[in-house]
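Now for the letters of each chain:
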Amino acid sequence: ALARAVRSEECEELALGGTPRNAVVACWHRFETQAAAAGVARHPWETSSEYTMRVLDLVDAHQPAVTRLGGLYREARFSEHELTEAHRQEALEALDAIHRTIGIPA
């Protein structure tokens, strides 16, 4: 159930709209909300990023793509410079790799 929830293509729809910054943040955050909806509880000590990383690890998502999307999320969330369409494209490529590999053990 978790793999199906996380594999949702809603992230891709979110990533195509709005600014590149908001699109990247929305996609990363969507993994968090999908996991919570699937019943995976967040530990009180976990940050939202730690929780998302744990969830993506549970579904065997492609680690390099998770790391790249997580880095783009942190850049989008905490930097002051503008993100570009190249950032959005890179996030979409990482997202695609994550979706293709969910549930496939390494």
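Shown above is the structure to which this text applies.
Quick caveat: nothing in here was measured; it's all calculated off a predicted structure.

*Asks:* I'd like a rundown of the pattern of salt bridges, residues and numbers included.
*Replies:* Scanning all chains against the criterion turns up five salt bridges. Of the charged contacts, one joins Arg88 and Glu85 as a salt bridge, the two residues approaching to 2.8 Å between their closest N and O atoms. Here Arg88 and its partner Glu85 are both found in helix H6 (residues 85–101), three residues apart, which amounts to about one turn of the helix. Take Arg88: its relative accessible area is 7%, and that puts it in the buried class. Close ionic contact of Arg100 with Asp96 constitutes a salt bridge, the shortest N to O distance being 3.0 Å. Separated by four residues within a single helix, Arg100 and Asp96 lie in helix H6, roughly one turn from each other. Since its relative accessible area comes to 53%, Arg100 is described here as exposed.

*Asks:* Go over helix H3 (residues 20–37) with me, naming the residues and quoting the values.
*Replies:* Counted at 1.5 Å a residue, the expected span for H3 with its 18 residues is 26 Å, and the 26 Å between its end C-alpha atoms agrees. Just past H3, the residue Gly39 takes up positive phi, approximately 95°.

*Asks:* Residues and numbers for the environment of Glu32, please.
*Replies:* Along the polypeptide, Glu32 turns up in helix H3. Along the sequence, Glu32 and Leu56 sit 24 residues apart, while their C-alpha atoms lie 9.5 Å from each other. Ignoring anything within four residues of it in the chain, the contact list for Glu32 reads Arg42, Ser48, Tyr51 and Thr52.

*Asks:* Quick one: what's the story with the packing of aromatic side chains, residue by residue and with numbers?
*Replies:* Scanning the model with the defined rule gives one aromatic pair in all. Ring centres of Trp28 and Tyr73 lie 5.7 Å apart, and the angle between their planes is 20°; on these two criteria the pair is classed as stacked. Residue Trp28 is found in helix H3, and its partner Tyr73 is found in helix H5 (residues 63–78); the two are separated by 45 residues along the sequence.

*Asks:* If you had to explain H6 to someone new, which residues and values would you point to?
*Replies:* Along its 17 residues, H6 runs 24 Å from first to last C-alpha, staying within 8% of the 24 Å computed at 1.5 Å per residue. Turning to H6, its buried residues are His87, Arg88, Ala91, Leu92, Ala94, Leu95, Ala97, Ile98, His99 and Thr101. Just downstream of H6 lies Gly103, where phi reads positive at about 85°.

Reading the values: the criteria
- Residues numbered from 1 in each chain as written.
- Predicted model: local features only at pLDDT ≥ 70, side-chain atom pairs only at ≥ 80, totals over all residues.
- Heavy atoms only, no water.
- Salt bridge = Lys/Arg side-chain N within 4 Å of Asp/Glu carboxyl O.
- Helix = DSSP H or I, 4+ residues; strand = E, 2+ residues; numbered from the N terminus.
- Buried < 20%, exposed > 50% of the residue type's maximum accessible area, 1.4 Å probe, protein only.
- Expected span 1.5 Å × (residues − 1).
- Contact = heavy atoms within 4.5 Å.
- Phe/Tyr/Trp six-rings, centres within 6.5 Å; stacked < 30°, edge-to-face > 60°.

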